[in-house]
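# Commentary on secondary and tertiary structure
Listed below, chain by chain, are the residues.
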Amino acid sequence: MAKTPEQLWKTPADEALRWVRGTDLSALDQAATPGWRGSRAEGEELMAVRGHELADLQERLFAHGRTGGDRSVLLVLQGLDTSGKGGIVQHVVGMVDPQGVMHRGFGVPTEEEREHGYLWRIRNALPVPGYVGVFDRSHHEQVLVVRVNRLEPVKTWRRHYRELNEFEAEVAASGTAIVKVALVVSADEQKKRLAKRLDRPDKHWKYNPNDIDVRLKLPEYVAAYQEMLDRTSTKEAPWYVVPADRKWYSRLAVTELLTGALRSLDLGWPPASFDVAAEKARLAAT
Ligand code: ATP
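A brief look at the structure comes next. Being a predicted model, the structure only gives us computed values, none of them experimental. (Residues numbered from 1 in each chain as written. Predicted model: local features only at pLDDT ≥ 70, side-chain atom pairs only at ≥ 80, totals over all residues. Heavy atoms only, no water.)

### Regarding the overall build of the protein chain
Note the threshold: Put simply, DSSP H or I for four residues or longer makes a helix, DSSP E for two residues or longer makes a strand, and each gets a number counted from the N terminus. Think of it in three bands: residues with accessible area under 20% of the maximum for their type are buried, residues over 50% are exposed, and the middle band is partly exposed, with areas taken using a 1.4 Å probe on protein chains only. Throughout, a contact is declared for two residues whenever any of their heavy atoms are within 4.5 Å. In these tables, accessible area is a Shrake-Rupley quantity obtained with a 1.4 Å probe, and a residue counts as shielded only by the protein chains included in the view. Positive charges come from Lys and Arg, negative ones from Asp and Glu, while His and the chain ends are left out of the count. Lys charges are placed at NZ, Arg charges at CZ, Asp charges at CG and Glu charges at CD.
For the protein chain, the helix and strand inventory stands at 13 helices and 5 strands. Seen along its three principal axes, the alpha-carbon backbone of the protein chain occupies a region of about 70 × 55 × 40 Å. Burial status across the protein chain gives 47% buried among its 286 residues. Expressed as a percentage of contacts within the protein chain between residues at least 6 apart in sequence, the contacts between residues at least 24 apart total 81%. Carbon together with sulfur atoms contributes 53% to the accessible area of the protein chain, which is approximately 15000 Å² in total. Taken together, the 41 basic and 40 acidic charged side chains of the protein chain have centroids lying 3 Å from each other.

If you want it as structure tokens, here you go:
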């Protein structure tokens with residue numbers, strides 16, 4: 001008989017991956033599979049099972065939004081190039097009906113975006129009630145790339161930690177369950193993935209020469225991630241740090257986190273706004 005999720009997870013993903021302030025990020029094993037005691041095949045099997053649950057929960061959320069509910073979910077994905085953000089969107093978020101997903105990627109701000117505060121484009125992309133929002137990179141770049149590339153004076157970006165927390169508390173209070181995921185890939189694995197992109201003509205479109213510049217600044221990024229995690233993991237919007245060298249694990253882990261967030265909304269099906277028996281009778285008479 002197949003094992004139950006409780007047997008396969010020694011510690012549930014949300015407990016095993018939730019960031020604990022002060023943990024040393026540089027000591028993280030990026031190939032580890034925290035909390036998991038099953039095999040890869042069992043992980044892939046469980047992911048498919050969860051996919052059905054995820055799709056059902058997302059449909060409930062959508063129905064809730066259609067009937068005046070105010071709840072939504074926001075999945076924030078942060079991670080360096082090749083950490084697998086795109087794969088999470090494709091393989092995890094891809095398990096639900098795309099009509100209920102609001103996906104947004106955040107790159108270098110455009111000229112128009114630069115004319116506003118950095119949260120302007122973020123606010124405009126927040127999921128509306130009933131939707132699962134996905135941020136591929138996010139407002140947290142303001143304390144990552146902005147810090148590492150010295151795009152703002154230290155005094156300015158330091159202020160952002162508090163602003164980010166206040167902003168997320170406000171978003172959570174408006175009915176959005178926030179799940180923040182930091183995908184952490186090792187330098188060796190990143191090198192392999194970049195080499196693959198260079199070797200395969202069908203992957204050249206994914207390669208960006210800037211990725212090498214980012215690689216050269218890895219220690220600075222680790223320091224920036226460390227401080228971001230320590231300072232912006234809050235009760236309303238906790239960070240989950242997901243080792244990303246094994247894609248099957250990171251995808252399974254994010255599936256669990258997203259499913260858990262939707263489950264915690266505890267949404268039933270909205271009651272019919274019409275007389276079901278009367279409508280059945282009317283239909284039968286046609
Ligand atoms: P990815 O590597 O995420 O697949 P990509 O290489 O296709 O992305 P984009 O998604 O267009 O490129 O942009 C990502 C780049 O935008 C990253 O280098 C990131 O550091 C940068 N970026 C994101 N937010 C900001 C910001 N607020 N200020 C400056 N640069 C930013």
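### Description of the nonpolar core
Taken as a class, soluble globular proteins show a tendency for nonpolar side chains to be buried jointly. This is how the line gets drawn: Residues belong to a common nonpolar core when they are buried Ala, Val, Leu, Ile, Met, Phe, Trp, Tyr or Cys residues joined through side-chain atoms within 4.5 Å.
Core analysis: the largest hydrophobic core is formed by 40 residues, its most contacted members being Leu-75 and Val-181. Elements with a contribution of two residues or more to this core: helix H2 (13-17), helix H3 (40-66), strand S1 (72-79), helix H4 (85-91), strand S3 (132-136), strand S4 (176-184), strand S5 (239-243) and helix H12 (247-264). When near neighbours in sequence (up to four residues on either side) are disregarded, Leu-75 contacts Val-93, Gly-133, Val-134, Phe-135, Val-179, Val-181, Val-254 and Leu-258. Residues Leu-80, Tyr-118, Met-228 and Leu-229 belong to the second largest nonpolar core, which totals 35 residues.

### A look at the site of the ligand
Rule in force here: Definition of nearness: a residue and a molecule or strand are near each other if at least one heavy atom of the residue lies within 4 Å of the molecule or strand. Two N or O atoms count as a polar contact when they lie within 3.5 Å, although within protein this holds only if one can serve as hydrogen donor and the other as acceptor, and sequence-adjacent residues are included solely when both atoms are side-chain atoms. Any residue outside Ala, Val, Leu, Ile, Met, Phe, Trp, Tyr, Cys, Pro, Asp, Glu, Lys and Arg is labelled polar, Gly included; the first ten of those are nonpolar and the last four are charged.
In the neighbourhood of the ligand, 15 residues make up the surrounding shell, with Asp-81, Gly-107, Val-108, Arg-137 and Gln-142 lying closest. Within the contact set of the ligand, a nitrogen atom lies 3.4 Å away from a backbone nitrogen or oxygen of Gly-107. Within the contact set of the ligand, a nitrogen atom lies 3.3 Å away from a side-chain nitrogen or oxygen of Gln-142. Bound to the protein, the ligand loses 67% of the 630 Å² it would expose on its own. Looking at the shell around the ligand residue by residue, the classes come out as 6 nonpolar, 4 polar and 5 charged.

### Overview of the packing of aromatic side chains
The condition is simple: Two rings from Phe, Tyr or Trp (for Trp, the six-membered ring) form a pair when their centres are within 6.5 Å of each other. A pair whose planes differ by under 30 degrees is stacked, one over 60 is edge-to-face, and the rest are tilted.
Evaluation of the coordinates by the stated rule reveals 7 aromatic pairs. Relative to Trp-36, the ring of Trp-9 has its centre 5.0 Å away and its plane inclined at 75°; by these criteria the two rings are edge-to-face. With Trp-9 in the loop between helix H1 (5-8) and H2 and Trp-36 in the loop between H2 and H3, this pair connects stretches of sequence that are 27 residues apart. Take Trp-9: its relative accessible area is 6%, and that puts it in the buried class.

### Topic: the pattern of salt bridges
Once the charged atoms of two side chains with opposite charge are near each other, the side chains can pair. What counts here: The salt bridge criterion pairs a side-chain nitrogen of Lys or Arg with a carboxyl oxygen of Asp or Glu, the two atoms within 4 Å.
Tallied over the entire structure, the rule returns 21 salt bridges. Where Glu-44 meets Arg-40, a salt bridge forms, and the shortest distance between an N and an O atom there is 3.0 Å. Separated by 4 residues within a single helix, Glu-44 and Arg-40 lie in helix H3, roughly one turn from each other. Look at Glu-44 and you get partly exposed, because its relative accessible area is 39%. When the shortest N-O distance is used, the salt bridge between Lys-180 and Glu-168 registers 2.6 Å. Residue Lys-180 is found in strand S4, and its partner Glu-168 is found in helix H8 (residues 154-173); the two are separated by 12 residues along the sequence.

### Points about the sheet that holds S3
Quick reminder of the rule: For two strands to be treated as a pair, DSSP must find at least two bridges joining them. Axis definition: a line fitted to C-alpha atoms, limited for helices to the stretch in contact. Angles are taken between N-to-C directions and run from 0 to 180 degrees.
The parallel open sheet is built from 5 strands, whose spatial order is S2-S3-S1-S4-S5. Across the chains shown, the open sheet's two edge strands, defined by having one partner strand only, are strand S2 (101-105) and S5. Averaged over all pairs of adjacent strands, the angle between their axes in this sheet comes to 20°, without regard to strand direction. As paired strands, S1 and S4 are joined by 8 bridges and run parallel to one another. Pairing of Gln-78 across the sheet is with Ala-182, part of S4. In this fold H12 packs onto S1, S3, S4 and S5, with an angle of close to 155° to the strand it touches most, S5.

### Observations regarding the packing of H3 against H12
So the rule is basically this: For classification purposes, angles smaller than 35 degrees are called roughly parallel, those larger than 145 roughly antiparallel, those between 65 and 115 roughly perpendicular, and all remaining angles oblique. By definition, any crossing whose near helix is turned counterclockwise from its far helix by less than a right angle is left-handed, and any crossing with a clockwise turn is right-handed.
It is the contact of H3 with H12, at a shortest axis distance of 9 Å, that shows an interaxial angle of 30°. On the basis of their axis angle, the class for H3 and H12 is roughly parallel. The handedness of the crossing between H3 and H12 is left-handed. Contacts from Arg-40, Gly-43, Glu-44, Leu-46, Met-47, Arg-50, Glu-53, Leu-54, Leu-57, Gln-58 and Leu-61 in H3 reach Trp-248, Arg-251, Leu-252, Thr-255, Glu-256, Leu-258, Thr-259, Leu-262 and Arg-263 in H12. Considering only residue class, the contact of H3 with H12 consists of 9 nonpolar, 4 polar and 7 charged.

### Observations concerning the side chain of Ser-83
With respect to the secondary-structure elements, Ser-83 resides in the loop between S1 and H4. Judged by relative accessible area, Ser-83 falls into the buried class, the value being 2%. Within the structure, the side chain of Ser-83 is placed 2.7 Å from the backbone oxygen of Leu-80, a separation counted as a polar contact. Setting aside residues up to four positions removed in sequence, Ser-83 forms contacts with Leu-183, Val-185, Arg-193 and Ala-244.

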